[in-house]
Amino acid sequence: MTTDTTVALYRAAHGRTGDKGDRSNISVIAWHPALYPLLVAQLTPERVADQFRHRSPNRVQRFLLPKLQAMNFVLDGVLDGGVNDALNLDTHGKALSFLLMEMPIEVPQALLRHLAGSDSP
């Protein structure tokens, strides 16, 4: 019986954050094409909304970009009103991708070699 290993998302993908008003978008790009189906299965809008529950998003949408092995999440209402209204230290929400990259995911043994930081080729 093979078991899955729990790792932080940053081992399987990298991310980038952008913003417009009170909306943040976070791109998630798989480190290896073999990891993309795993990310699609586990990074649902519901799980991402839960990861950002302390920011109370109004809505989380996911857009898949399979040819790039990537996806883009759009989170509404997570920037405390937007750059000009927010009193927080990260008004643009640039650090939000780091919060998402800490999300735990389950990786089957067969895919562990594709993770960042893996010693396997």
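Up top is the structure these notes are about.
The following refers to the structure shown. Predicted, not measured: the structure shown is a model, and the values here were computed from it.

Conventions adopted
Residues numbered from 1 in each chain as written. Predicted model: local features only at pLDDT ≥ 70, side-chain atom pairs only at ≥ 80, totals over all residues. Heavy atoms only, no water. Pairing = 2+ DSSP bridges. Helix = DSSP H or I, 4+ residues; strand = E, 2+ residues; numbered from the N terminus. Contact = heavy atoms within 4.5 Å. Buried < 20%, exposed > 50% of the residue type's maximum accessible area, 1.4 Å probe, protein only.

1. Overview of the pairing of strand β4 (residues 59-65)
Part 1 of the argument: Across 7 bridges, the pairing between β4 and strand β5 (residues 70-76) is antiparallel. Along β5, the bridge assignment pairs Leu64 with Met71.

2. Overview of the environment of Gly77
Part 1 of the argument: With respect to the helices, strands and loops of the structure, Gly77 is situated in the loop between β5 and α3 (96-101).
Part 2 of the argument: Each C-alpha atom of the pair Gly77 and Arg23 lies 5.8 Å from the other, and the pair is 54 residues apart in sequence.
Part 3 of the argument: Contacts of Gly77, omitting those with residues within four sequence positions, involve Asp22, Arg55, Ser56, Pro57 and Asn58.

3. Considerations on the pairing of strand β3 (residues 23-30)
Part 1 of the argument: Side-chain alternation along β3 places Ser24, Ile26, Val28 and Ala30 on a buried face and Arg23, Asn25, Ser27 and Ile29 on a face that remains uncovered.
Part 2 of the argument: Direction of pairing for strand β2 (residues 13-20) relative to β3: antiparallel, over a ladder of 8 bridges. In the sheet register, Gly15 faces β3, and the bridge partner there is Val28.
Part 3 of the argument: Hairpin remark: β2 followed by β3, antiparallel, with 2 residues in the connecting loop; positive phi at Gly21, about 65°.
Part 4 of the argument: Bridge count between β3 and β5: 7 bridges; the pairing is antiparallel. Note that in β5 the partner of Arg23 across the bridge is Asp76.

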